Amino acid sequence: MDALRIGVLGCADIARRRMLPAFRACPDTELVAVASRDPGRAEETAAAAGCEAVTGYDTLLARPDIDAVYVPLPAALHATWVRAALRAGKHVLGEKPLTTDPAATAELAALAAGSGLTLRENVMFVHHPQHAVVRRLVADGAIGEVRGFRAAFTVPRLADGDIRYDPALGGGALWDTGVYPVRAALHFLGPGLEVAGAVLTRGGPGRAVDTSGAVLLRDATGVAAQLTFGLDHAYRSSYEIWGSAGLITVDRAFTPPAGLPPRVRLERRDSAEDLALPPADQVLHTVADFAAACRTGAPLDPAVLAQARLLDRIHRAAGDTRPAPTAAAATERPT
């Protein structure tokens, strides 16, 4: 079958470093063009990626030689441009979070389904094979009955002008690093999680967004998930699943380099084993999955909707009262 022809809306760092190379490397996709509102930025990004530069997102969406688009814009712009892309008849891979409003996420899911188009959220770690291995271990009773879950994703302080510190653009630790442990909890404990407690902290002078947070979730059986995330910390990317008879620990869980062998450790009462698993490129796996979904018409993963509702409940439980990000405010910054 012909490769899926990809256009990219925006020149974000994650697009330039990770996604554009993956679109070029995947045999199921063809990178056609990248768009920016800044012609110079589009030209620079396209030249490095070996594709065509386009000025303006609408111009790219109007092109008949684009089958699907990737949207790595600031979070506040996701709903606007994912909706525009779907209405233009394009499949969409939207950067996480798909939107910052669960009602908007549900609306986009319905629009995609009604249009016969594929919509995906770019949470890449779930496509790494190491997590399927962990799921099988848990399902096979390797650690007995699950008793608890703990996950953390924290990164060092960002530059002051980083968009993740801008509330108008949908910034904040929960939307950026918090998505990972929240999605991991859903991935392993299922969709019925409730918020038992949440704290969002604004750290540093002049910070208008949450820069760290901690959440306690629980499922219907009482299993608890303890989650930590932040933008001003020593680096940590891990999760642990406790059972009645053992423990599974995964280090470098969420953004492992493609060449890094997985670090999965299984501990039981009288033994400890580091599993010998091969390295995998989760970015390439994500792109290949998106291309396959576009061909088969697979619906949006229900975990995306569950995640959107859970993130909203976490904000409410933490008493976060800052204004919601708006697309109008976000358009003032070139992307």
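In this report, we go over the structure that sits alongside the text.

Here we come to the overall build of the chain. Per the secondary structure count, the chain includes 10 helices and 14 strands. Computed over the C-alpha atoms, the radius of gyration of the chain is 20 Å, within 12% of the 20 Å expected from 2.2 N^0.38 for a compact globule of 335 residues. Along the first, second and third principal axes, the C-alpha atoms of the chain reach 60 × 50 × 35 Å. Evaluated residue by residue, the chain yields a buried proportion of 53% over its 335 residues. Pairs at least 24 apart in sequence give 68% of the contacts found in the chain among residues at least 6 apart. As displayed, the chain has an accessible area near 14,100 Å², and 51% of this comes from carbon and sulfur atoms. The positive charge centre, built from 35 side chains, and the negative charge centre, built from 37, are 3 Å apart in the chain.

Turning our eyes to something else, we now look at the state of the cysteines. In total, this model carries zero disulfides according to the counting rule given. Free of any disulfide, cysteine 26 has its nearest cysteine sulfur in cysteine 294, 11 Å distant. With no disulfide partner, cysteine 51 has as its closest neighbouring cysteine sulfur the one in cysteine 11, 8.9 Å distant. Judged by its relative accessible area of 16%, cysteine 51 is buried.

Residue proline 97 is bonded to the preceding lysine 96 through a cis peptide linkage, with omega at -10°. Tracing the backbone shows proline 97 in the loop between strand S5 (91-95) and helix H5 (102-115).

Attention now moves to the sheet that holds strand S7 (residues 146-154). With mixed pairing, eight strands are arranged side by side in an open sheet as S8-S9-S10-S7-S11-S12-S13-S14. A strand with exactly one partner marks an edge of an open sheet, and here the two such strands are strand S8 (194-201) and strand S14 (271-274). Here the average twist between neighbouring strands, direction ignored, is 10°. Two elements, strand S12 (residues 246-251) and strand S13 (residues 263-268), share six bridges in a ladder whose sense is antiparallel. Of the residues in S13, the one forming a bridge with aspartate 251 is arginine 263. Strands S7, strand S11 (236-243), S12 and S13 of the sheet are contacted by helix H6 (residues 129-139), whose axis makes an angle of about 175° with S12.

Attention now moves to the nonpolar core. Grouped together as the largest cluster of nonpolar side chains are 50 residues, with contacts concentrated most on Val134, Phe149, Leu217, Leu227, Tyr239, Ile248 and Phe254. Counting residues per element, this core draws most heavily on helix H7 (residues 173-189), which supplies 11 residues. Contact partners of isoleucine 248, with chain neighbours within four places excluded, come to Val134, Leu137, Val138, Ile143, Tyr239, Glu240, Ile241, Val264, Arg265 and Leu266. Tyr57, Val69, Val92 and Ala112 belong to the second-largest nonpolar core, a separate cluster that totals 26 residues.

A few words now on the sheet that holds strand S4 (residues 68-71). Overall, parallel pairing links the six strands, which are arranged S3-S2-S1-S4-S5-S6 in an open sheet. If you trace the sheet from one side to the other, it starts and ends with strand S3 (52-55) and strand S6 (119-122), each paired once. Ignoring which end each strand starts from, the neighbouring axes of this sheet average 25° apart. Where S4 and S5 come together, four bridges link them in parallel fashion. Within the sheet, the bridge partner assigned to valine 71 lies in S5 and is glycine 94.

What counts, and at which threshold
Within each chain, residues carry numbers counting from 1 in the order of the written sequence. In view of the model being predicted, local features appear only for residues whose pLDDT reaches at least 70, and side-chain atom pairs are presented and counted only at 80 or more, with totals across whole chains, interfaces and linings using the full set of residues. Remark: hydrogens and water are excluded; side-chain values derive from all non-hydrogen atoms of the structure. The secondary structure listing takes helices from DSSP runs of H or I that are at least 4 residues long and strands from runs of E that are at least 2 residues long, numbered from the N terminus. Atoms counted for the radius of gyration: C-alpha only. Globule rule: 2.2 Å times residue count to the power 0.38. Partly exposed describes any residue whose relative accessible area lies between the buried limit of under 20% and the exposed limit of over 50%, with all areas from a 1.4 Å probe on protein chains only and scaled to the type maximum. Any pair of residues with heavy atoms lying within 4.5 Å of one another is described as a contacting pair. Only the protein chains shown count as covering a residue, and every accessible area follows the Shrake-Rupley method with a 1.4 Å probe. Under this rule, positive means Lys or Arg and negative means Asp or Glu; His and the chain ends count for nothing. By convention, the charge on Lys lies at NZ, on Arg at CZ, on Asp at CG and on Glu at CD. For the purposes of this analysis, a disulfide is any pair of cysteine sulfur atoms at a distance within 2.5 Å. Strand pairing is assigned whenever DSSP identifies at least 2 bridges connecting the two strands. Axis geometry follows a simple rule: fit a line to the C-alpha atoms, using only the stretch in contact for helices, then measure angles between N-to-C directions, giving values from 0 to 180 degrees. In this text, buried Ala, Val, Leu, Ile, Met, Phe, Trp, Tyr and Cys residues form a nonpolar core when linked through side-chain atoms within 4.5 Å.

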